[in-house]
Amino acid sequence: MLNLSIQMKRKLKPEEHEEIIRAVAAGNRVKATSIYLSATEGNLTEAQNFIRTLFDEKRAVQSQESAKKRG
């Protein structure tokens, strides 16, 4: 689970967070951002920062998995 220090007007419900995670996993930044904005009533900058963090985390995990496969 991410530990982000972004101030949201309303916190994400677990199901909203999972929906965003699924959109990120599918590579759909627009959908992930839209869900975040609708759920939190936050602003676009907050949403973009939140989604960017998730994408960065996804890339880091993929890099670690690739490194393990290479041995």
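Treat the numbers as computed from the prediction; the structure is a model and nothing was measured.

Criteria and thresholds
Residues numbered from 1 in each chain as written. Predicted model: local features only at pLDDT ≥ 70, side-chain atom pairs only at ≥ 80, totals over all residues. Heavy atoms only, no water. Helix = DSSP H or I, 4+ residues; strand = E, 2+ residues; numbered from the N terminus. Buried < 20%, exposed > 50% of the residue type's maximum accessible area, 1.4 Å probe, protein only. Areas by Shrake-Rupley, 256 points an atom, 1.4 Å probe, with all protein chains shown as cover. Expected span 1.5 Å × (residues − 1). Contact = heavy atoms within 4.5 Å. Polar contact = N/O pair within 3.5 Å; in protein donor to acceptor, adjacent residues only side chain to side chain. Axes fitted to C-alpha atoms, helices over the stretch in contact; angles between N-to-C directions. Parallel < 35°, antiparallel > 145°, perpendicular 65-115°, else oblique. Left-handed = near helix turned anticlockwise from the far one by under 90°. Nonpolar A, V, L, I, M, F, W, Y, C, P; charged D, E, K, R; others polar. Phe/Tyr/Trp six-rings, centres within 6.5 Å; stacked < 30°, edge-to-face > 60°. Lys NZ or Arg CZ within 6 Å of the ring centre and 35° of its normal.

Undergrad: Would you take a moment to explain the overall build of the protein for this structure?
TA: Helices and strands together make up the secondary structure of the protein, namely three helices and zero strands. Counting from the amino terminus, helix and strand elements in the protein follow one another as α-α-α. Looking at the protein residue by residue over its 71 residues, the buried ones come to 28%. For the protein, the exposed surface amounts to about 5,100 Å²; the carbon and sulfur share of it is 49%.

Undergrad: Looking at this structure, I do not really get helix α3 (residues 44-70). What am I missing?
TA: Residues separated by three or four positions in an α-helix point in the same direction, a consequence of the helix having 3.6 residues per turn. Its 27 residues give α3 an end-to-end C-alpha distance of 39 Å, which sits within 8% of 39 Å, the value for a rise of 1.5 Å per residue. Those residues of α3 that fall on the buried side of the exposure criterion are Glu46, Ala47, Phe50, Ile51, Leu54 and Phe55. Looking at the buried residues of α3, the elements they touch are α1 (14-25) and α2 (29-40). One side-chain oxygen of the residue at the start of α3 lies 3.0 Å from the amide nitrogen of Thr45, identifying that residue as Asn43.

Undergrad: I tried to follow the packing of α2 against α3 on my own but got confused; where do I start?
TA: Helices that pack against each other are described as a pair by the angle of their axes relative to one another and the distance between those axes. Across the interface, α2 lies against α3 with an axial gap of 9 Å and an inter-helix angle of 130°. What the angle tells us is that α2 and α3 run oblique. Here α2 and α3 pass one another in a crossing that is right-handed. Between α2, through Arg29, Ala32, Thr33, Tyr36 and Leu37, and α3, the contact on the second element is made entirely by Leu44, Glu46, Ala47, Phe50, Ile51, Arg52, Phe55 and Arg59. Partitioned by chemical class, the residues of the contact of α2 with α3 number eight nonpolar, one polar and four charged.

Undergrad: Just checking my understanding: could you explain the packing of aromatic side chains for this structure?
TA: What characterises a pair of aromatic rings is the spacing of the ring centres plus the angle enclosed by the ring planes. The tally for this structure, following the rule as stated, stands at one aromatic pair. In this structure, Arg29 packs its charged tip against the face of Phe55, placed 4.0 Å from the ring centre.

Undergrad: Looking at this model, I keep getting lost on the packing of α1 against α2. Mind explaining?
TA: Their axes nearest at 8 Å, the elements α1 and α2 cross at an angle of 165°. One way to sum up the angle between α1 and α2 is to call them roughly antiparallel. Viewed along their axes, α1 and α2 form a crossing whose handedness is left-handed. Facing Glu16, Glu19, Ile20, Ala23 and Val24 of α1, the residues of α2 in contact are Lys31, Ala32, Ile35, Tyr36 and Ala39.

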